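# Close look at the chain arrangement
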Amino acid sequence: MSVTIHDLRAYKAAGKRFVMLTAYDFPTAQILDQAGVPVLLVGDSLAQGALGYESTLPVTMEEMLHHTRAVARGARNALVVGDMPFLSYQTSLEEGIRNAGRFLKEGGAHAVKIEGPQVELTHKLVDLGIPVMAHVGLTPQSVHELGGYKVQGRGETAARIQDQAHALEKAGAFAIVLEAVPAELGADITGNLQIPTIGIGAGPGCDAQVLVINDLLGLTEKPPKLAKAYANLRRAIADAVRAFAEDVENGTFPDEGHSYH
Ligand code: KIV
């Protein structure tokens, strides 16, 4: 590993914007790492992005660890962050510590990400040497409580998100994800924290931006408004597969160059 949590703080101090991307497997991690992405998040969006679940709620610790190990094997330079799945930390401090530790001990991650204002747990983990990335605003594990994937922090609730961000910084979080909050709030929180903010649907004023890799590559069938596709791999894959099938059907594959004698 060569990117550390201290580098991210230094990027903020120097006004250097950076990116984080999700990764769920070895080849993707290797490509992103070699492309210079400093932070790879094994997000619990693994649930929809790689496992076909409808939300992040069903994904388990074992599934998260399995994919974190694959990503850690592909990352030579990037900081690898494992996302604590639903009910791996909410039941008790002890459970949260044990599961966070598993991401480092068994998954090869360098840090964990935790949704919501888990101030006490963050404090404890940092004390134990486990770096924590916080996550406030739209926290998808609370989708049912929130009544859907809705923008958070409009109107009076902005102050609550501000307070959560400050409390998590004070507890020792090394960075904080701001998801689906008004751009003005994203910029405001960013200006008031020493740690970097990593926005997703939180406007251009954040210190860094994160996207789900499937959304960036155009693999997601119905991407959310906050996502931007920089490629259309859904089409590229379908085209490649059809071209292969056509070659086989008309007898042009395998040709001499792909045959043994
Ligand atoms: O799981 C995930 O992909 C995330 C990002 C959207 C920040 O939490």
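The rules behind the values
Residues numbered from 1 in each chain as written. Predicted model: local features only at pLDDT ≥ 70, side-chain atom pairs only at ≥ 80, totals over all residues. Heavy atoms only, no water. Patch = residues over 30% accessible without salt bridge, like charges linked within 9 Å, V, L, I, M, F, W, Y side chains within 5 Å. Areas by Shrake-Rupley, 256 points an atom, 1.4 Å probe, with all protein chains shown as cover. Salt bridge = Lys/Arg side-chain N within 4 Å of Asp/Glu carboxyl O. Lys, Arg positive; Asp, Glu negative; His and termini not counted. Charge placed at Lys NZ, Arg CZ, Asp CG, Glu CD. Helix = DSSP H or I, 4+ residues; strand = E, 2+ residues; numbered from the N terminus. Pairing = 2+ DSSP bridges. Axes fitted to C-alpha atoms, helices over the stretch in contact; angles between N-to-C directions. Contact = heavy atoms within 4.5 Å. Near = heavy atom within 4 Å. Polar contact = N/O pair within 3.5 Å; in protein donor to acceptor, adjacent residues only side chain to side chain. Buried < 20%, exposed > 50% of the residue type's maximum accessible area, 1.4 Å probe, protein only. Arc of directions from axis to C-beta. Domains from an automatic or database assignment.

## Let's talk about a negative patch on the surface
- Where like charges cluster on the molecular surface, the negative patch consists of Glu246, Asp247, Glu249, Asp255 and Glu256.
- Along the chain, Glu246 turns up in helix α11 (residues 233–249).

## A look at the sheet that holds strand β6 (residues 175–179)
- The 8 strands lie next to each other as β1-β2-β3-β4-β5-β6-β7-β8, forming a closed barrel whose pairing is parallel. Each strand axis lies, on average, 25° off the axis of its neighbour in the sheet, ignoring direction.
- Taken strand by strand, helix α4 (residues 61–74) contacts β2 (39–42) and β3 (79–83), and its axis lies near 155° from that of β2.

## A look at the pairing of strand β8 (residues 208–211)
- Here strand β1 (residues 18–22) pairs with β8 via 4 bridges, running parallel. Counted as the bridge partner of Val19 is Gln209 from β8.
- Pairing geometry for strand β7 (residues 197–200) and β8, over 2 bridges, is parallel. When the sheet's bridge partners are listed, Ile198 is paired in β8 with Ala208.

## Thoughts on the site of the ligand
- Taken together, Thr22, Leu41, Gly43, Asp44, Ser45, Asp83, Lys113, His135, Val177, Ile200 and Val212 make up the full set of residues near the ligand.
- The separation between an oxygen atom of the ligand and a polar side-chain atom of Ser45 is 2.5 Å.
- Between the ligand and Lys113 there is a distance of 3.1 Å, counted from an oxygen atom to a side-chain nitrogen or oxygen.
- With the chains in place, 94% of the 260 Å² that the ligand exposes on its own is no longer accessible.

## Let's talk about helix α6 (residues 119–127)
- Burial in α6 covers these residues: Leu121, Thr122 and Leu125. The buried residues of α6 all sit within an arc of 100° when viewed along its axis, so they share a single face. Away from the buried face of α6 by more than 90 degrees, exposed residues Glu120 and Asp127 are located.
- Positioned one or two residues after α6, Gly129 has a phi angle of 90°, which is positive.

## Remarks on a nonpolar patch on the surface
- On the surface, Leu233, Ile237 and Val241 cluster together to form a nonpolar patch covering roughly 240 Å² of accessible area.
- Along the chain, the position of Val241 falls in helix α11.

## Focus: the side chain of His135
- Position of His135 relative to the elements: it lies in strand β5 (residues 132–137).
- Among the polar contacts made by the side chain of His135, one reaches the side chain of Lys113 at a distance of 2.7 Å.
- Among the polar contacts made by the side chain of His135, one reaches the main-chain carbonyl oxygen of Leu138 at a distance of 3.2 Å.
- Setting aside residues up to four positions removed in sequence, His135 forms contacts with Lys113, Ile114, Glu115, Gly116, Pro140, Ile176, Val177 and Glu179.

## Brief notes about the domain arrangement of the protein
- Along its sequence, the protein is organised into domain 1 (5–230) and domain 2 (233–261).
- Taking only C-alpha atoms into account, the centre of domain 1 sits 39 Å from that of domain 2.

## Observations concerning unusual backbone geometry
- Of note, the bond from Phe253 into Pro254 is cis; its omega dihedral lies within 30 degrees of zero at 0°.
- Within the element layout of this structure, Pro254 appears in the segment after α11.
- Phi at Leu87 takes a positive value of approximately 70°, unusual for a residue other than glycine.
- Looking at the element boundaries, Leu87 is found in the loop between β3 and α5 (93–105).
- Residues other than glycine seldom take positive phi values, yet Ala180 does so here, at roughly 50°.

## Digging into the pattern of salt bridges
- Tallying each qualifying case throughout the model produces 8 salt bridges.
- The salt bridge involving Glu94 is made with Arg98; its shortest N-O contact spans 3.7 Å. Linking Glu94 with Arg98, this pair stays in helix α5, spanning 4 residues, or about one helical turn.
- A residue is classified by how much of its surface remains accessible, and Glu94, at 55% relative accessible area, is exposed.
- A relative accessible area of 47% means that Arg98 is categorised as partly exposed.
- Put simply, Arg234 and Glu221 hold a salt bridge, and the shortest N to O gap is 4.0 Å.

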